[in-house]
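Working through the structure, step by step
The lines below spell out each chain.
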Amino acid sequence: MCLLICDEAEQPAVEADLLAELDVQLGIELRVVKASRLHDADQALGLDTPGPVHVLHIDRWSPRLVNALDLHIVRLERTGAQFLFLASPELAERLLKHAPNFRNRLTDIARIVPDNPYGD
Amino acid sequence: MEARGVSNTVAFDRRQIYRPFLERLGPIGSPRTLEEHDWIVPPKHDPRDFTQPPIHEVFADSAELTRGMQMALVGGTGSGKTTELLLTHRLLGRHADAVNEYLDLAEVTDLNEANPGAILAAIGMRLYARLKKAQKQKVSSAHEKLQVLAFGKTEWWRDPPDYDDGDSGFRVDIPGVMKRRFPALRREVQEVRGLLLEIASPLLRRDAQITTLIDGLDRLIMPERFRQFAEQDLRALRGTQISAVVAAPLLLWYDKSQFLADHFDLVRHLPAVLFDPEESDFLKSVLLRRGATELMDEPEVTEICRFSGGVLRDLLTLTQSAATSAYREDEDRIGRDHVRTAVLQLGRRYWIGLGSQIGPIRRLINKKEFSPDNPAARELLVNRQVLEYCRRGRDFFAVHPALAEVLAETV
């Protein structure tokens, strides 16, 4: 369970990279679920769509979603699937502050920075 | 003769070593898996007082001797509350007539949406599942009604219901001279209580000892929601002879209103485990039970124990991260550098989002000053950036060692 942090401007490229990488490495096609288009907690948590990897793009602040993530994090763990959460630095900070159970069960938090075009 | 191609097969398949090890550490195992594999190390004493028996023994003894006891276990995230509940559950099984139900409420209901009465309903449904066929037939009507109350129902009406029939009148509250110590039980909670008792009656008539171990409510970080369930569901359970052991949010331990003492017969606190190899080898035993020595030596085990801060989940997470790092580097064993990588990774996880809270953290590191009385400090405790310990009955606080390590590097 990993939280990936990157600037909003970089997010489409990161999403595309993630999907391509998962396709190449694991041969699975999956879609990125956006928080802004979710209807309920189970959908947010990917519990209504089985699969080994779920990518949730937290593209807006939603107290309901944050509560769901915090309270149901054990359910997510027990599915045995890998969860990748993508958020901007601001949203990630808020999320970590408001969801201590979620924070505690993340295996990693990674900051993604764009490649230096000059290759340094 | 045809030349033989170069095989891509790895001669020594390291996956066969790392995979089972990671599975033993992984959090995906259900509580049942943990019990089946005997991966739980029972503590030898109360973490706050080494002269007292361990918490699970105290809980089990109390439930056995006084039916209807209500007990609370308070502790931070990852401190081992679920483990204590499972150990209590296991111990209670020593009596043949005991009916013990471990219930993770977050598995049963969405706690954000659940209302008072939900815990009673969940207990009722679990107890129904424990009844024999003939017993079930006798209480099937109560079970059906309970399900309707729990999950609601859909009805088709020819005409829309008329809520404005003028019969309901106006509500007028006339204050009394006394304030109720506890709020009155809601009508629907009383209704669920009645059905629960009917369902439990075949067991209670046999004089069975019923204990429910309720997990998940501790994830309600804001204690107000927990209070609501305690004031309604748990109070409704009083007098039913059904005992309850409940995992409660850490913040209630620091609550000045004595809420836990008022609502529970027995309260136990689970602080982070002190890393002191001379006094206790508990942390090390947890790792050894999961087969740590297959992949690392004594110094690495000790380092992981030290930097876990005594938070059991962090102990396992650090080991897992170190193992993954070693595997990634094509190493057959976990070395010092892999542990170091894992410690910094965990420390950074605690560091992100620290923001303005860095002040109290620095004060705690430099001057050993920390008070859980203000909301900002309590937030640090809830997020495990600051850990609470107890040595010989004396409470003290310390910055999580992995976070302290990252902060030391950033100076």
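Up top is the structure.
This text gives an overview of the structure that appears in the document. In this text the structure is predicted, and so the values were computed from the model without any measurement.

**Details of the overall build of chain A**
What chain A contains, in helices and strands, is six helices and five strands. Put simply, chain A has 120 residues, and 50% of those count as buried. Long-range contacts, defined as pairs at least 24 residues apart, comprise 75% of the intrachain contacts of chain A with a sequence gap of at least 6. Accessible surface for chain A amounts to roughly 6100 Å². Of this, 49% is attributable to carbon and sulfur atoms.

**Points about the packing of helix H1 (residues 15-25) of chain B against helix H13 (residues 312-328) of chain B**
Residue and element names in this part refer to chain B. Remark: H1 packs on H13, axes separated minimally by 10 Å, with the N-to-C direction vectors making an angle of 165°. Accordingly, the angle class assigned to the pair H1 and H13 is roughly antiparallel. Our pair here, H1 against H13, has a crossing hand that is left-handed. Residues Arg-15, Tyr-18, Phe-21, Leu-22 and Leu-25 of H1 form the contact with H13, whose participating residues are Leu-316, Thr-319, Gln-320, Ala-323, Thr-324, Ala-326 and Tyr-327.

**Focus: the sheet that holds strand E5 (residues 266-270) of chain B**
Within a sheet, adjacent strands bond to each other through the backbone by hydrogen bonds, running parallel or antiparallel. Residues and elements named next belong to chain B. Strands sit in the order E2-E3-E4-E1-E5 across an open sheet of five strands; the sheet is parallel. Because the sheet does not close on itself, it has two edges, and the strands there are strand E2 (98-104) and E5. Mean inter-strand twist for the sheet, computed between neighbouring axes without regard to direction, equals 15°. Docked against the sheet, helix H6 (residues 118-130) engages E2, strand E3 (209-215) and strand E4 (242-248), running at close to 130° with respect to E2. Sheet strands in contact with helix H9 (residues 223-237) are strand E1 (70-75), E3 and E4, and its direction is about 170° off that of E4.

**Section: unusual backbone geometry**
Residues and elements named next belong to chain B. A positive phi is found at Gln-241, a non-glycine position, where the angle reads about 70°. Structurally, Gln-241 can be placed in the loop between H9 and E4. Located in the positive-phi region is Arg-392, a residue other than glycine, with phi close to 45°. Here Arg-392 is to be found in the loop between strand E6 (386-391) and strand E7 (394-399).

**A look at the pairing of E7 of chain B**
Residues and elements named next belong to chain B. Here E6 runs beside E7; their pairing, made up of six bridges, is antiparallel. Of the residues in E7, the one forming a bridge with Leu-387 is Ala-398. In this structure, the hairpin formed by E6 and E7 is closed by a connection of two residues, where Arg-392 is found at a positive phi of approximately 45°.

**Thoughts on the environment of Ala-408 of chain B**
When you line up the elements, Ala-408 of chain B lands in helix H17 (residues 401-410). Taking the C-alpha atoms as reference points, Ala-408 of chain B and Met-222 of chain B, 186 residues apart in sequence, are found 32 Å from one another.

**With respect to H1 of chain B**
All names here are of chain B. Inspection of H1 places Tyr-18, Phe-21, Arg-24 and Leu-25 among the buried residues, and these make up the whole buried set. The buried side chains of H1 occupy one side of the element, clustering within an arc of 125° when seen end-on. Tucked inside the fold, the buried residues of H1 contact H13.

**Let's talk about the nonpolar core**
Residues and elements named next belong to chain B. Leu-127, Ile-214, Leu-217 and Phe-226 are the most contacted members of the largest nonpolar core, which totals 47 residues. If near-sequence neighbours (up to four positions away) are discounted, Leu-127 is found in contact with Val-99, Glu-101, Leu-196, Ile-199, Ala-200, Leu-203, Ile-210 and Ile-242. Counting residues in each nonpolar core, the second largest holds 44 residues, with Leu-250, Val-273, Ile-334 and Ile-361 among its members.

**Section: a negative patch on the surface**
Residue and element names in this part refer to chain B. Among the surface-exposed residues, Glu-329, Glu-331, Asp-332 and Asp-337 lie close enough to one another that they form a single negatively charged patch. Positionally, Asp-332 belongs in the loop between H13 and helix H14 (336-351). Using a relative accessible area of 40% as the deciding quantity, one classes Asp-332 as partly exposed.

**Describing the pairing of E4 of chain B**
Residues and elements named next belong to chain B. Summarising burial for E4: seven of the seven residues are buried, a large majority. Of the two faces of E4, the one holding Ile-242, Ala-244, Val-246 and Ala-248 and the one holding Ser-243, Val-245 and Ala-247 are both buried throughout. Both E1 and E4 contribute to a ladder of five bridges, which runs parallel. Across the sheet, Leu-73 pairs through a bridge with Ala-247, a residue of E4. Both E3 and E4 contribute to a ladder of five bridges, which runs parallel. Note that in E4 the partner of Ile-210 across the bridge is Ile-242. The handedness of the E3 to E4 crossover, carried by H9, is right-handed.

**Quick notes on the sheet that holds strand E2 (residues 32-34) of chain A**
All names here are of chain A. The five strands are arranged E2-E3-E4-E1-E5 in an open sheet whose pairing can be described as parallel. Because the sheet does not close on itself, it has two edges, and the strands there are E2 and strand E5 (108-111). Here the average twist between neighbouring strands, direction ignored, is 20°. One ladder, built from three bridges, connects E2 with strand E3 (residues 53-58); its direction is parallel.

**Some details on the packing of aromatic side chains**
Evaluated as defined, the whole model comprises seven aromatic pairs over all chains. A ring pair is formed by Phe-83 of chain A and Phe-85 of chain A, whose centres lie 6.2 Å apart and whose planes are at 10°; its orientation type is stacked. There is no split in this pair, since Phe-83 of chain A and Phe-85 of chain A are both buried. The interplanar angle of 50° and the centroid separation of 4.9 Å between the aromatic rings of Phe-370 of chain B and Phe-397 of chain B together place this pair among those described as tilted.

**Some points on the packing of H6 of chain B against helix H8 (residues 187-205) of chain B**
Residue and element names in this part refer to chain B. Their axes nearest at 9 Å, the elements H6 and H8 cross at an angle of 20°. Classified by the interaxial angle, the pair formed by H6 and H8 is roughly parallel. Between H6 and H8 lies a crossing of left-handed hand. Residues Leu-120, Ala-121, Ile-123, Gly-124, Leu-127 and Tyr-128 of H6 form the contact with H8, whose own contacting residues are Val-189, Val-192, Arg-193, Leu-196, Ile-199, Ala-200 and Leu-203. Across the contact of H6 with H8, the residue classes tally to 11 nonpolar, one polar and one charged.

**Concerning a nonpolar patch on the surface**
Residue and element names in this part refer to chain B. A contiguous nonpolar surface patch, about 450 Å² in accessible area, is contributed by Phe-170, Val-172 and Ile-174. Tracing the backbone shows Val-172 in the loop between helix H7 (133-151) and H8. On the accessibility criterion, Val-172 (64% relative accessible area) is exposed.

About the thresholds
Counting restarts for each chain, with residues numbered from 1 along the sequence as it is written. The lettering of chains begins at A and the numbering of ligands begins at 1, in the order of writing. Two thresholds apply to this predicted model, a pLDDT of at least 70 for residue-level local features and 80 or more for giving and counting side-chain atom pairs, whereas whole-chain, interface and lining totals are computed over all residues. With hydrogens and water stripped out, all remaining heavy atoms of the structure feed into the side-chain values. Helix and strand assignments come from DSSP, with helices taken as H or I runs of at least 4 residues and strands as E runs of at least 2, each series counted from the N terminus. The buried label goes to any residue with under 20% of its type's maximum accessible area, the exposed label to any with over 50%, and the partly exposed label to all in between, with areas taken from a 1.4 Å probe on protein chains only. The contact definition used throughout considers only heavy atoms, calling two residues in contact when any of these lie within 4.5 Å. Each accessible area value is a Shrake-Rupley result obtained with a 1.4 Å probe; residue values ignore everything except the protein chains displayed when judging cover. Axis lines are fitted through C-alpha atoms, for helices just across the contact stretch, and the angle between N-to-C directions can take any value from 0 to 180 degrees. If an angle is under 35 degrees, it is roughly parallel; if it is over 145, roughly antiparallel; if it lies from 65 to 115, roughly perpendicular; otherwise it is oblique. Crossings are assigned a handedness: left-handed for a near helix turned anticlockwise from the far helix by less than a right angle, right-handed for a clockwise turn. Strand pairing follows a simple DSSP-based rule, namely that at least 2 bridges must link the two strands. Think of the arc as the fan of directions from the helix axis to the C-beta atoms. Here, nonpolar core refers to any group of buried Ala, Val, Leu, Ile, Met, Phe, Trp, Tyr and Cys residues whose side-chain atoms link them within 4.5 Å. Residues enter a patch when their relative accessible area is above 30% and they make no salt bridge; the linking distance is 9 Å between like charges and 5 Å between nonpolar side chains (Val, Leu, Ile, Met, Phe, Trp, Tyr). Take a side-chain nitrogen of Lys or Arg and a carboxyl oxygen of Asp or Glu: if they are within 4 Å of each other, that pair is a salt bridge. His residues and chain termini do not enter the charge count, which takes Lys and Arg as positive and Asp and Glu as negative. A charged residue contributes its charge at one atom only: NZ of Lys, CZ of Arg, CG of Asp or CD of Glu. We call a crossover right-handed when, viewed with the strands running away from us, the connection from the first strand over the helix to the second turns clockwise. The pairing test for Phe, Tyr and Trp rings, Trp by its six-membered ring, is centres within 6.5 Å, and the orientation test on the planes gives stacked under 30 degrees, edge-to-face over 60, and tilted for anything in between. Note on residue classes: Ala, Val, Leu, Ile, Met, Phe, Trp, Tyr, Cys and Pro are nonpolar, Asp, Glu, Lys and Arg are charged, and everything else, Gly too, is polar.

Shape descriptors only; they carry no functional weight alone.
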